[in-house]
Structure formats: structure tokens, C-alpha cells
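One letter stands for each residue in the lines below.
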Amino acid sequence: SNFGHDVIKDFVATGTTNHDVLQFSTTVFDSFASVLAHASQVGSDVVISSGSDTLTLKNTAVSSLDNRDFHFV
């Protein structure tokens, strides 16, 4: 919860050999579907928001995200 206003400039989505993984508390998002429900394409970036908190993945397409890009704890 309260992940703030973070920007990741070098996120590598699934599909490449070495991809990144974002971890969310299940109190914020409990599944890939819930992340997608809160994700939007803003220009060339993905913005994931919950309340007043936002996470921006620079130069990333929503369509490139995969359930393997996320871990829920």
C-alpha cells in the first residue's frame, strides 16, 4: 500500500531473456487482472494507479505486460 509516485525508466517486460518483476502487496493488487484493470497507456508509458498512488513504466506498452511480470505477496 502507499507505493507513492514512482517511475521506472528501464522496465523490461516478459518476452526477453531477462525480464523484470514488480512485487505488489495483495492488499493493493491481488492478481494480474487487477493490475491490468488499473493500468492505462499514457503515450508511450504504462501508468498503474491505485487511489492517489501511481507507478509509471516508461516506454512500455500495456500489451507487452504478462502475469510473469508481477509477484503478489
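Every residue gets a number counted from 1 within its own chain, in the order that chain's sequence is written. With the structure being a predicted model, the display of local features is reserved for residues of pLDDT at least 70 and the display and counting of side-chain atom pairs for 80 or more, all residues being used for whole-chain, interface and lining totals. Values reported for side chains reflect all heavy atoms of the structure, with hydrogen atoms and water molecules removed beforehand.

J.: Tell me what's going on with the nonpolar core, and back it up with residues and numbers.
T.: A general trend in soluble globular proteins is that nonpolar side chains are found buried together. Core analysis: the biggest nonpolar cluster contains 15 residues, and Leu-22, Phe-24, Phe-29, Ile-48, Leu-55, Leu-57 and Phe-70 have the highest contact counts within it. Sorting the residues of this core by element identifies β2 (22-24), β4 (45-50) and β5 (53-57) as the ones contributing at least two each. Not counting residues within four places of it along the chain, the set of residues in contact with Ile-48 comprises Phe-3, Phe-29, Val-35, His-38, Ala-39, Asp-53, Thr-54, Leu-55, Leu-57 and Phe-70. In this text, buried Ala, Val, Leu, Ile, Met, Phe, Trp, Tyr and Cys residues form a nonpolar core when linked through side-chain atoms within 4.5 Å. Note on exposure labels: buried denotes an accessible area under 20% of the residue type's maximum, exposed denotes more than 50%, and partly exposed covers the range between, all computed with a 1.4 Å probe on protein chains only. Each helix is a run of DSSP H or I of at least 4 residues and each strand a run of E of at least 2, with the numbering of both proceeding from the N terminus. Note on contacts: a residue pair is in contact if any heavy atoms of the two residues lie within 4.5 Å.

J.: Account for the sheet that holds strand β3 (residues 39-42), with residues named and values stated.
T.: Following DSSP output, two strands are said to pair if at least two bridges run between them. The four strands lie next to each other as β1-β5-β4-β3, forming an open sheet whose pairing is mixed. Since the sheet does not close on itself, it has two edges, and those belong to β1 (5-8) and β3, each with one partner. When the angles between neighbouring strand axes are averaged without regard to direction, this sheet yields 20°. With five bridges connecting them, β4 and β5 associate as antiparallel partners. Pairing of Ser-49 across the sheet is with Thr-54, part of β5. An axis is simply a line fitted to the C-alpha atoms; with a helix, the fit covers only the stretch in contact. Between two such axes, the angle follows the N-to-C directions and lies from 0 to 180 degrees.

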